[in-house]
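Chain by chain, the residues run as shown.
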Amino acid sequence: MLTRRHLLGAAGAALAAPAVARAEDAPGVTATEIRIGNTMPYSGPNSAYGVIGRTEQAFIRMLNEQGGFKGRKINFVTYDDAFSPPKAVEQIRRLVEQDKVAFLFNTLGTPTNNAVLRYVNQRKVPHLFLATGADKWGNHQDTPWTMGWQPSYRTEAQIYAKHLLAERKEFKLAIVYQNDDFGKDYLAGMRDVLGAARFDTTVKAVSFEITDPTPDSQILSLQSTGADVLMIALGPKAAAQAIRKVHDIGWQAQRYLTNVSLSVAAVMQPAGVEKGIGIITSGYLKDQGDAAWRDDPGMNELRAFTKQWMPEADLNDANVVYGYALGRTLQQLLGQCDGNFSRENVMRQAASFKDVAIPVLLPGITLNTGPQDYRPIQKMQLQRWDGASWVRFGGLIEGADV
């Protein structure tokens, strides 16, 4: 297990060791800096995620203040793509061809990353630790330069389906899903566990376009089916609207909510905290609202970081915790590179994480990767909204083997 002391020690060792690769041999690397590229939806329908990028910027400022790596500071070049695939293509090309970044880090969104997937792999640019849980990011055979970070949406849906089957013998399931690979992974995961025959004949699913103003019509359509279980696979803004609508029309369905929309500040509070009571989601990160972490060393580390480097941060926003976890992941990666920041070595080190402890991950969850394992996190824990915070229950769960 790697503690904060070990991580910082690794960074210090990296500063002291001789450089391995000449800067001129590594794109995005000079004698004084490492250029790293990123895109985020700082505007648009999923702008709630923008705090992830702002948290990472603050974390990188901290790393640079501590001396950087091998005497090089990180130049974190992050652009707004407004969660638009065409805009993402434009910005990624700008990062690769004009800014000449060493690699891409934590670019956000399933449709946006999908739009650049072929391009970055053809260019052999490391496309690392994506801020999306699409199952396809683990496909090391076809896209060897792309790697996810969080548990896949398909795995997450499998966990919900396992819980549903354990709780009820008979049910009628409805699903509202974002109409892209993100949303469709939830359909696939539910089908994996429920079985294709049962899923295809009994489950009612309706799609939601990211450009739709609200999911109200989809919720009304699903209610009319008589379903008593609802899976909400939507981004933060639409998820908050769906939670509110379900409550306001008096639909008494058991609700499951995608992990990407569990933020108290960005989802549950805008929806109305009392309107989401009983919703079940899953987690792999510690939650500021969980009393179990009141004096937790890892969360105290996050609190100290935000106090100094990001005082405006709302720790009730799970996206801040997520951004901090990714900052620690970047620190681990650059430390492991040991001064060799060539694209080949960056990719090699990303695929060689062994039990890497990130202080804000739930106990028992560490980062593990390999040349044929591009899924760093594969365990989660269920949790239920009680009107004030998420309450964890049960143990860590993995998805189904398919």
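Each value, and the rule that gives it
Per-chain numbering applies: the sequence of each chain, read as written, is numbered from 1 onward. Local features in this predicted model are restricted to residues whose pLDDT is 70 or higher, and side-chain atom pairs enter the listing and the counts only when it is 80 or higher, whereas totals over whole chains, interfaces and linings include all residues. Excluding hydrogens and water, the side-chain figures rest on all heavy atoms present in the structure. Think of a salt bridge as a Lys or Arg side-chain nitrogen and an Asp or Glu carboxyl oxygen that are within 4 Å of each other. Under the scheme used here, helices are H or I runs from DSSP no shorter than 4 residues and strands are E runs no shorter than 2 residues, and both carry numbers assigned from the N terminus. Relative accessibility decides the category of a residue: with a 1.4 Å probe and only protein chains considered, values under 20% of the type maximum give buried, values over 50% give exposed, and everything between is partly exposed. The arc in question is traced by the directions running from the helix axis to the C-beta atoms. Pairs of residues are marked as contacts when any of their non-hydrogen atoms sit within 4.5 Å. Pairing of aromatic rings covers Phe, Tyr and the six-membered ring of Trp, with a centre-to-centre limit of 6.5 Å; geometry is then stacked below 30 degrees between planes, edge-to-face above 60, and tilted otherwise. A ring has a charge above it when a Lys NZ or an Arg CZ is no more than 6 Å from the ring centre and no more than 35 degrees off the ring normal. For two strands to be treated as a pair, DSSP must find at least two bridges joining them. Comment: axis = line fitted to C-alpha atoms, over the contacting stretch for helices; angle = value between 0 and 180 degrees taken between N-to-C directions. Here the nonpolar core consists of buried residues drawn from Ala, Val, Leu, Ile, Met, Phe, Trp, Tyr and Cys, with membership extended through side-chain atoms lying within 4.5 Å. Under the convention used throughout, the expected extent of a helix is 1.5 Å for every residue step, that is, one less than its residue count. The angle between axes fitted to the seven-residue stretch ending at a residue and the seven-residue stretch beginning at it gives the bend at that residue.

> Explain the pattern of salt bridges here, please?
Close approach of charged atoms lets side chains of opposite charge pair. For the structure on display, the rule yields 14 salt bridges. K275 is paired through a salt bridge with D248; the nearest N and O atoms lie 3.0 Å apart. With K275 in the loop between α10 (264-271) and β9 (280-283) and D248 in helix α9 (residues 236-248), this residue pair connects regions lying 27 residues apart in the sequence. Taking relative accessible area as the criterion, D248 reaches 47% and is therefore assigned partly exposed. Connected through salt bridges with shared partners, the residues R93, E97 and R123 form a single ionic network.

> Is there a simple way to explain helix α8 (residues 216-223) in this structure?
In an α-helix, one turn spans 3.6 residues; hence positions three or four apart end up facing the same way. Here α8 has its buried residues at Q218, I219 and L222. Along the axis of α8, the buried positions cluster into a sector of 100 degrees, meaning they face one direction only. Packed against the buried residues of α8 are β5 (173-178), β6 (204-208), β7 (229-233) and α9.

> Explain the packing of aromatic side chains here, please?
Any pair of aromatic rings gets described here by the distance separating the centres and the angle formed by the planes. Under the definition given, this model contains 12 aromatic pairs. Ring centres of F305 and Y324 lie 5.1 Å apart, and the angle between their planes is 50 degrees; this geometry places the pair in the tilted category. Placement of the pair is F305 in helix α11 (residues 297-309) and Y324 in helix α12 (residues 318-337), with a sequence separation of 19 residues. By way of ring pairs, the aromatic residues F59, F305 and Y324 are connected into one cluster. Here R94 stacks its cationic end above the ring of Y79, 3.8 Å away from the centre of that ring. One cation-aromatic arrangement involves R384 over F393; the distance from NZ or CZ to the ring centre is 4.4 Å.

> Is there a simple way to think about the environment of A350 in this case?
Summarising the element assignment, A350 is placed in helix α13 (residues 343-350). In sequence terms A350 and E398 are 48 residues apart; their C-alpha atoms lie 22 Å from each other. For A350, the residues in contact, after removing those within four places along its chain, are L128, F129, M147, L333 and T369.

> I tried to follow the pairing of strand β1 (residues 33-40) on my own but got confused; where do I start?
Looking down a regular strand, the side chains alternate between one sheet face and the other. In terms of burial, β1 is largely enclosed, as eight of its eight residues are buried. Residues of β1 alternate between two faces, with E33, R35, G37 and T39 on one and I34, I36, N38 and M40 on the opposite face, all of them buried. Where β1 lies against strand β2 (residues 73-80), eight bridges are found, and the strand directions are parallel. By the bridge assignment for β2, T39 is matched with Y79. The sheet contact formed by β1 and strand β3 (residues 103-105) spans two bridges and is parallel. For I36, the partnering residue across the bridge sits in β3 and is F103.

> Looking at this structure, how should I read the sheet that holds β1?
What holds strands together in a sheet is hydrogen bonding between their backbones, with the strands either parallel or antiparallel. Across the sheet, four strands lie side by side as β2-β1-β3-β4; this open sheet has parallel pairing. Because the sheet does not close on itself, it has two edges, and the strands there are β2 and β4 (127-128). Contacts between α12 and the sheet are confined to β1, β2, β3 and β4, with β3 contributing the most and set at about 150 degrees to the helix.

> Would you mind showing me how to read the environment of Y186 here?
Relative to the helices and strands, Y186 is located in helix α6 (residues 181-194). In sequence terms Y186 and R198 are 12 residues apart; their C-alpha atoms lie 15 Å from each other.

> Quick question: what am I supposed to make of the nonpolar core here?
As a rule of thumb, nonpolar side chains are buried together in soluble globular proteins. The biggest cluster of nonpolar side chains holds 85 residues, and the ones touching the most others in it are F103, F129 and W149. For this core, the element with the most residues is α12, which contributes 10 residues. Those residues in contact with F103, other than ones at most four positions away along the chain, are R35, I36, G37, V125, P126, L128, L330, L333, L334 and V346. One finds F208, A240, A266 and W390 within the second-largest nonpolar core, a separate group that totals 28 residues.

> So what exactly am I meant to see when it comes to unusual backbone geometry here?
For residues that are not glycine, phi is negative in most cases, and the peptide bond is trans in most cases. Unlike most non-glycine residues, A82 shows phi in positive territory, near 55 degrees. Within the element layout of this structure, A82 appears in the loop between β2 and α3 (85-98). On the basis of relative accessibility, which here comes to 26%, the residue A82 falls in the partly exposed class. A positive phi angle, close to 50 degrees, is found at D338, a residue other than glycine. Looking at where D338 falls in the secondary structure, it is placed in the loop between α12 and α13.

> Honestly, helix α4 (residues 110-123) in this entry has me stumped. Any pointers?
Spanning 14 residues, α4 covers 20 Å between terminal C-alpha atoms, matching the ideal 20 Å at 1.5 Å per step. Approximately 45 degrees is the largest bend angle found in α4, and it occurs at L117. Within the span of α4, buried status applies to T110, P111, T112, N113, V116, L117, Y119, V120 and N121. The elements touched by buried residues of α4 are α3, β3, β4, α5 (153-167) and α6. One or two positions beyond α4, positive phi appears at K124, with a value near 55 degrees.

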